[in-house]
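# Structural overview for review
So you can see what is in the structure, the chains are spelled out below.
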Amino acid sequence: DSPGDVAVGPDGCIVVSEGDSKRVQVFDAKGAFVRSIGLDEFGPAMVIRPQGVAVGGGGEILVADGNAGNQILVYTAEGKFLRTIGVDEDLNLEAEGVRGIAVFADGCVIASIFDGQ
């Protein structure tokens, strides 16, 4: 519908965030739909408005959800919720939204944050 970001995993999977549709979709390396992430979840695993996406070296999927308490949601490659990284709490930043995200080979996560200006 309205893709916001795309990431490619180490196995060639393609992860697409769709902020307006409030979902993250995963496709295999050939482009066939595999699953949606966070759409049918409630509580901390629920994706509210995904912005950036990234895929870690182990296949874990990270979703920057800027309208859900400034957090990064982490899922397994199979879409199972693992944890959140709270930008305000864990990183001690005040922000209005996490937008972009990247994961380095060593697992270090970097995020771009909108601060309202």
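In case you missed it, the structure is sitting above this.
Sequence order as written defines residue numbering, which begins from 1 separately in each chain. Owing to the predicted nature of the model, reporting of local features is limited to residues with pLDDT of at least 70; listing and counting of side-chain atom pairs is limited to 80 or more, with chain, interface and lining totals taken over all residues. Computation of side-chain values covers all heavy atoms of the structure but excludes hydrogens and water.

### Regarding the overall build of the chain
In this text, helices come from DSSP runs of H or I with a minimum length of four residues, and strands from runs of E with a minimum of two, each type numbered from the N-terminal end. Across its full length, the chain holds one helix and 10 strands. Each helix (α) and strand (β) of the chain, taken in turn from the N terminus, gives the series β-β-β-β-β-β-β-β-α-β-β. Only protein chains enter the area calculation, which uses a 1.4 Å probe; residues under 20% of their type maximum are buried, those over 50% are exposed, and those in between are partly exposed. Evaluated residue by residue, the chain yields a buried proportion of 39% over its 117 residues. Any two residues having at least one pair of non-hydrogen atoms within 4.5 Å are treated as being in contact. Across the chain, the fraction of contacts at a sequence separation of at least 24, relative to all contacts at a separation of at least 6, is 33%. Total accessible area on the chain stands at roughly 6300 Å², and carbon and sulfur atoms take up 51% of it. Here the accessible surface of atoms and residues is derived via Shrake-Rupley with a 1.4 Å probe, and residues count as covered only by protein chains that are part of the display.

### A few points about the nonpolar core
Formed by 13 residues in total, the largest nonpolar core has its most connected members in V15, V24, I61, V63 and Y75. Listed by contribution, the elements that provide at least two residues to this core are β3 (23-27), β5 (50-55), β6 (61-65) and β7 (71-75). Discounting chain neighbours no more than four positions away, the residues touching V15 are D5, V6, A7, V24, Q25, V26, V53, V55 and I61. In plain words, nonpolar cores are sets of buried Ala, Val, Leu, Ile, Met, Phe, Trp, Tyr and Cys residues tied together by side-chain atoms within 4.5 Å. In terms of nonpolar packing, the next biggest core, distinct from the first, is built from eight residues, L62, A64, V74 and I85 among them.

### Some thoughts on the side chain of T76
Here T76 lies in the loop between β7 and β8 (81-86). Judged by its relative accessible area of 17%, T76 falls in the buried class.

### Quick word on the sheet that holds β5
Sheet architecture is open: four strands sit in the order β5-β6-β7-β8, paired in antiparallel fashion. Strands at the two margins of the open sheet, each flanked by one partner only, are β5 and β8. Between one strand axis and the next, the sheet turns by 20° as a mean value, whatever way the strands run. Taken together, the five bridges between β7 and β8 define a ladder with antiparallel strand orientation. Counterpart to Y75 in the pairing with β8 is F81. Pairing between two strands requires that DSSP report at least two bridges joining them. Angles here are taken between N-to-C directions and fall from 0 to 180 degrees, while the axes themselves are lines fitted to C-alpha atoms, restricted in helices to the stretch in contact.

### A look at the environment of A45
Of note, A45 is situated in the loop between β4 (33-37) and β5. Note: C-alpha distance between A45 and T84 (39 residues apart in sequence) is 8.1 Å. What A45 contacts, discounting residues up to four positions off in sequence, is G38, L73, Y75 and F81.

### Quick word on the packing of aromatic side chains
For any pair of aromatic rings, geometry is given as the distance between the ring centres together with the angle between the planes. Planes of paired rings set the category: under 30 degrees apart is stacked, over 60 is edge-to-face and the rest tilted, where pairs are Phe, Tyr or Trp rings (Trp by its six-membered ring) whose centres lie within 6.5 Å. Under the definition given, this model contains two aromatic pairs. Ring centres 5.9 Å apart and planes at 75° place the aromatic pair F27 and F33 in the edge-to-face group. Residue class for F27 comes out buried when judged on its relative accessible area of 19%. Aromatic side chains Y75 and F81 sit 5.7 Å apart centroid to centroid with 70° between the ring planes, which places their arrangement in the edge-to-face category.

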